[in-house]
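Residues per chain are reported as follows:
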Amino acid sequence: INAHTHAAMTLFRGMADDLPLLTWLNEYIFPAETHLTEEVVYTGTMLACAEMIKSGTTCFCDMYLFEHKVAEAAADAGMRAVVGEVLYDFPSPNYGPPEEGLRFSEELIRKWSGHPLVRIAVEPHSTYTCSPEYLTKIMEIALEYKVPYVIHLAESRDELAQVREKYGTTPVRHLESLKLLN
């Protein structure tokens, strides 16, 4: 089981991968992702599924863009998957403004409900790309639909510094103060 993937990013393999996380994300990955399409995400995910199957992986948890295509690719490949559209406080190349991300996530949940291989989660990107209010709204959806809440948390020193500067605490304590660790 691969508990954390961005499957379609197999197509970005080697892109500035020697840089610190936030530099890599902000200067290379986020700009590259503005050019993604459904077809590219499906193709990249099929490549990732083939590689995972070859290595013995039978299930993966994915957070990315155009997750409806990730769900389709996983189902087509015969893999179990937990997938969710990445949600942030800025416009997405897929769904546009943040409030549309919530709607998109709810549509994914309804469409894939009861599927034998694919389960949907709600997936805010992180404590540094989502406001407390947005993180809380996302949790409300998780609780309403009884789906997992998946988030990057305390993954780099830069994130720790950003959250400490903005909220005066650590990312984990920040989520706890919002009552989101449940």
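This report concerns the structure included in the present document. (Residues numbered from 1 in each chain as written. Predicted model: local features only at pLDDT ≥ 70, side-chain atom pairs only at ≥ 80, totals over all residues. Heavy atoms only, no water.)

1. Notes on the pattern of salt bridges
(1) Moving on: Scanning the model with the defined rule gives four salt bridges in all.
(2) Moving on: Residues R13 and E51 are paired through a salt bridge, measuring 2.8 Å at the closest nitrogen-oxygen approach. Highlighted residues: R13 in the loop between β1 (2-5) and α1 (21-33) and E51 in helix α2 (residues 38-54), separated in sequence by 38 residues.
(3) Moving on: Judged by relative accessible area, E51 falls into the partly exposed class, the value being 32%.
(4) Moving on: Salt-bridge contacts for E100 lead to R103; the nearest nitrogen and oxygen are separated by 2.5 Å. Linking E100 with R103, this pair stays in helix α4 (residues 98-112), spanning three residues, or about one helical turn.
(5) Moving on: Look at E100 and you get partly exposed, because its relative accessible area is 26%.
(6) Moving on: Via salt bridges that share partners, E100, R103 and E107 belong to a single interconnected network. (Salt bridge = Lys/Arg side-chain N within 4 Å of Asp/Glu carboxyl O. Helix = DSSP H or I, 4+ residues; strand = E, 2+ residues; numbered from the N terminus. Buried < 20%, exposed > 50% of the residue type's maximum accessible area, 1.4 Å probe, protein only.)

2. Re the nonpolar core
(1) Moving on: Counting residues in hydrophobic clusters, the biggest one holds 54 residues, and the most contacted among them are F60, Y64, V122 and Y149.
(2) Moving on: Elements supplying a minimum of two residues to this core: α1, α2, β2 (59-64), α3 (67-77), β3 (80-87), α4, β4 (118-120) and α5 (132-145).
(3) Moving on: It is α5 that contributes the most residues to this core, six residues altogether.
(4) Moving on: Setting aside residues no more than four positions away along its own chain, Y64 makes contact with H6, A8, M9, F12, E33, L36, V41, G84, E85 and V86. (Core = buried A, V, L, I, M, F, W, Y, C linked by side-chain atoms within 4.5 Å. Contact = heavy atoms within 4.5 Å.)

3. A few points about the side chain of E159
(1) Moving on: The topology assignment puts E159 in helix α6 (residues 157-167).
(2) Moving on: Here E159 is buried and forms no salt bridge, its nearest opposite-charge partner R164 lying at an N-O distance of 12 Å.
(3) Moving on: At a separation of 2.8 Å, a polar atom in the side chain of E159 contacts the main-chain amide nitrogen of E155.
(4) Moving on: Apart from the residues lying within four places of it in its own chain, the contact partners of E159 are L22, T127, Y128, H152, L153, A154 and P171. (Lys, Arg positive; Asp, Glu negative; His and termini not counted. Polar contact = N/O pair within 3.5 Å; in protein donor to acceptor, adjacent residues only side chain to side chain.)

4. A word on the environment of M139
(1) Moving on: Here M139 lies in helix α5.
(2) Moving on: Looking at M139, the relative accessible area reads 6%, which means it is buried.
(3) Moving on: Along the chain, M139 and K179 lie 40 residues apart, while their C-alpha atoms are 9.5 Å from each other.
(4) Moving on: Non-local contacts of M139, meaning those with residues more than four positions away in its chain, are made with Y149, L180 and N182.

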